[in-house]
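Remarks on the overall topology
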Amino acid sequence: MCRILLVQSESPFSIAEQLKPFAALSKNSREFQGHGWGCSWLPVTDTTDVTNAHSNETSNRNFDGKWHHYRNINPIWETDLSDFPETTLLLAH
């Protein structure tokens with residue numbers, strides 16, 4: 001059975017820090033979870049005085065508006081997770 005992880009936050013968070021426990025849970029599952037994995041996220045970009053379209057508040061961080069995707073046929077626990085950026089919305093499978 002596949003695992004799904006969804007993380008949403010008002011403040012940016014490290015994708016890698018969310019995926020590490022997800023990888024450990026998958027690795028230690030009684031059912032084999034190593035048939036590949038992927039994730040999608042909305043990246044956070046540094047901007048100055050940008051109005052957030054969702055809340056109409058001005059902030060110095062905003063989405064670029066495009067989902068970014070990552071897919072890998074190897075198990076998640078064999079993947080270097082350190083290159084992922086920060087986000088406020090992450091979906092992993």
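Analysis parameters
- Residues numbered from 1 in each chain as written.
- Predicted model: local features only at pLDDT ≥ 70, side-chain atom pairs only at ≥ 80, totals over all residues.
- Heavy atoms only, no water.
- Salt bridge = Lys/Arg side-chain N within 4 Å of Asp/Glu carboxyl O.
- Helix = DSSP H or I, 4+ residues; strand = E, 2+ residues; numbered from the N terminus.
- Buried < 20%, exposed > 50% of the residue type's maximum accessible area, 1.4 Å probe, protein only.
- Pairing = 2+ DSSP bridges.
- 1 Å grid on protein atoms, 1.4 Å probe; cavity = no way out; pocket = protein on both sides within 12 Å on 5 of 7 lines; lining within 4 Å.
- Points joined across faces, edges and corners; volume = space filled by probe spheres on them.
- Nonpolar A, V, L, I, M, F, W, Y, C, P; charged D, E, K, R; others polar.
- Core = buried A, V, L, I, M, F, W, Y, C linked by side-chain atoms within 4.5 Å.
- Contact = heavy atoms within 4.5 Å.

Let's talk about the pattern of salt bridges
Once their charged atoms are close, side chains differing in charge can pair, the charge on each being opposite to the other. This model, assessed by the stated rule, comprises 1 salt bridge. Two residues, Lys20 and Glu17, come together in a salt bridge whose shortest N-O distance is 3.0 Å. With a gap of 3 residues between them, Lys20 and Glu17 both fall in helix H1 (residues 15-27), about one helical turn apart. According to the relative accessible area criterion, Glu17 is partly exposed, its value standing at 46%.

Things to note about the pairing of strand S5 (residues 86-92)
Consecutive residues of a regular strand have side chains that alternate between opposite faces of the sheet. Counting buried residues in S5 gives 5 out of 7 residues, a clear majority hidden from the surface. With 6 bridges joining them, strand S1 (residues 5-14) and S5 adopt antiparallel strand pairing. By the bridge assignment for S5, Val7 is matched with Leu90.

Side note on the layout of surface pockets
There is about 160 Å³ of room inside the second largest pocket. Classifying every residue of the lining of the second largest pocket by side-chain character gives 6 nonpolar, 6 polar and 1 charged.

So, the nonpolar core
Judged by nonpolar contacts, the single largest core of 16 residues is most densely connected at Leu19, Cys39, Phe84 and Leu90. Elements that contribute at least two residues to this core include exactly S1, H1, strand S2 (37-51) and S5. A per-element tally of this core places H1 first, with 5 residues. Not counting residues up to four positions away in its chain, the partners in contact with Phe84 are Ile15, Ala16, Leu19, Trp37, Cys39, Trp41 and Tyr70.

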